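# Secondary and tertiary structure notes
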Amino acid sequence: MTKALIVANWKMAPSSFREAEDLFFAVKGGMGKNRKTDVVFCPPFVWLTDLARRHKKSTLFGAQDAFWEQSGAFTGEISPQMLKSSGVKFVIIGHSERRRFLGESDEMINKKVRAALKAGLAPIIAIGEESQDAEDVVPPVLREQLSRALHGINAGELGKITVAYEPVWAIGTGRADTPDNATRRAIYIRKLLTKIAGAKRADGIRILYGGSVTSRNAASFLSQDIRGMDGLLVGGASLNAGEFVKIVDAVSTLRRV
Ligand code: PGA
C-alpha cells in the first residue's frame, strides 16, 4: 500500500505572511504527529520560500508552478532549481487554472515536468476534463493530457511523479465528483501509466482526486475495497485549518488496500 498524500493548494491566498504562517501553524498543530499521511503545503511563492526555509525539516512543501528553464532572462518566472535550493520538494504542474487563465499548453506542461524532474523536484501533474457531459465515458482529454505531459520522460523518472485528477467542473464549485467515478478514473489513469511506465513503476505512482473536497466527502474518494485514489488535492478547504485537519484525519483513519 502506498502512503496517502494530501496536497494543500493555497492558490493566491492568504494576503500576508503573518496569515500564511498562522494558517501553517494551525494546521501543523491540529495534525500533531500524523505519520500515516504525507501532507504537502503549497503556498504562493512569496510565502513558500520563507516557510520552506524555516520548516523544511518537519514539513513537505510544494510550489504551485515552476518554469521550464533553470535560469536566465525570463522575467517573472521561478525555476525548479531555485525551488529545490529553497527546500521545496514538490511542484504542481498543469493546474487547470493555469491552463485556462495563463494559456498553458500541453507542450509547456511537458517542458515544465521535464525541468522539474531534472532539478530533483517531484511533479504533481494535474489533468481533467472541462465539462461533466458524459460521466460514465472516460473523456479522451485525460489520455491526451497525461501522455503529452509525460512525453519523452524516461521510465526511471516516471516513478517520481504524482497525477492529480481534477475535473474542471468540480473545482471550486461545491459540486465534487462522485466517489465511484473518481475510483473509475483512478483505475483508468493507472492503466495508462502502466502502459507508459510498466506495472511496477505505475504501481508506485500516487493518483489524487481534486475538486470541491471537504471534510465531509474526503474519505469517500479513497476506496477501501480496491486500489483507487491515493490521496487528495485540496484547494478552498485547505485555507481553513480546522477543516483541512479534519480532511487529513478522515483519510488517515482509513484502512486502504
Ligand atoms: P477546490 O480546488 O478544492 O477549491 O475545488 C481544488 C484545486 O483546484 O486544486
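Here, every reference points to the structure presented above.
In what follows, the accompanying structure is described.

Another aspect to go through is the overall build of the chain. If you tally the helices and strands in the chain, you get 10 helices and 8 strands. The C-alpha atoms of the chain give 17 Å as radius of gyration, which agrees with the globular expectation for 257 residues (18 Å, within 12%). Projected onto the principal axes, the alpha-carbon positions of the chain cover approximately 45 × 40 × 35 Å. In the chain, which comprises 257 residues, the share counted as buried stands at 54%. By sequence separation, contacts in the chain at least 24 residues apart represent 74% of the contacts at least 6 residues apart. With an accessible surface of roughly 11700 Å², the chain has 52% of that area assigned to carbon and sulfur atoms.

Let's shift gears to the sheet that holds strand β1 (residues 4-9). Judged by pairing direction, the barrel is parallel, and its 8 strands sit side by side in the order β1-β2-β3-β4-β5-β6-β7-β8 before closing back on the first. Pairs of neighbouring strands in the sheet enclose a mean axial angle of 25 degrees, with direction left out of account. Here helix α6 (residues 140-149) sits on the sheet and contacts β5 (122-127) and β6 (162-165); the angle it forms with β5, its principal contact strand, is near 155 degrees.

Turning our eyes to something else, we now look at the side chain of D38. Within the fold, D38 resides in strand β2 (residues 37-42). For D38, the side chain forms a polar contact with the side chain of R206, separated by 3.0 Å. Non-local contacts of D38, meaning those with residues more than four positions away in its chain, are made with K3, A4, L5, I6, L60 and R206.

Quick look at the packing of helix α1 (residues 17-31) against helix α2 (residues 45-55) now. Packed helices, taken two at a time, are described by the angle between their axes plus the distance between the axes. Taken N-terminus to C-terminus, the directions of α1 and α2 make an angle of 45 degrees; their axes are 10 Å apart at the nearest point. By the angle between their axes, α1 is oblique relative to α2. α2 is crossed by α1, and the crossing has right-handed handedness. Contacts from F17, A20, E21, F24 and F25 of α1 reach α2 at W47, D50, L51, R54 and H55.

On to the site of the ligand. Around the ligand lies a shell of 13 residues, among which K11, H95, E166, G172 and S212 are the nearest. Within the contact set of the ligand, an oxygen atom lies 2.7 Å away from a side-chain nitrogen or oxygen of K11. In the environment of the ligand, an oxygen atom lies 2.7 Å from a nitrogen or oxygen atom belonging to the side chain of E166. Starting from 290 Å² of accessible surface for the ligand in isolation, the protein chains cover 96%.

Ranked by size, the top nonpolar core spans 66 residues in total, and within it L193, Y209 and L232 carry the most contacts. When sequence neighbours within four positions are dropped, the list of residues in contact with Y209 reads Y165, P167, A170, A176, D177, A182, F221, M229, G231, L232 and L233. Grouped together as the second largest cluster of nonpolar side chains are 11 residues, V7, C42, F90 and L208 included.

Another aspect to go through is the environment of I189. Within the fold, I189 resides in helix α8 (residues 179-197). Judged by its relative accessible area of 0%, I189 is buried. With 24 residues separating them in the primary sequence, I189 and Y165 have C-alpha atoms 8.6 Å apart. Among residues more than four places away in sequence, those in contact with I189 are I127, L146, V163, Y165 and I207.

Rules of the game
- Residues numbered from 1 in each chain as written.
- Predicted model: local features only at pLDDT ≥ 70, side-chain atom pairs only at ≥ 80, totals over all residues.
- Heavy atoms only, no water.
- Helix = DSSP H or I, 4+ residues; strand = E, 2+ residues; numbered from the N terminus.
- Rg over C-alpha atoms; globule rule 2.2 N^0.38 Å.
- Buried < 20%, exposed > 50% of the residue type's maximum accessible area, 1.4 Å probe, protein only.
- Contact = heavy atoms within 4.5 Å.
- Areas by Shrake-Rupley, 256 points an atom, 1.4 Å probe, with all protein chains shown as cover.
- Pairing = 2+ DSSP bridges.
- Axes fitted to C-alpha atoms, helices over the stretch in contact; angles between N-to-C directions.
- Polar contact = N/O pair within 3.5 Å; in protein donor to acceptor, adjacent residues only side chain to side chain.
- Parallel < 35°, antiparallel > 145°, perpendicular 65-115°, else oblique.
- Left-handed = near helix turned anticlockwise from the far one by under 90°.
- Near = heavy atom within 4 Å.
- Core = buried A, V, L, I, M, F, W, Y, C linked by side-chain atoms within 4.5 Å.

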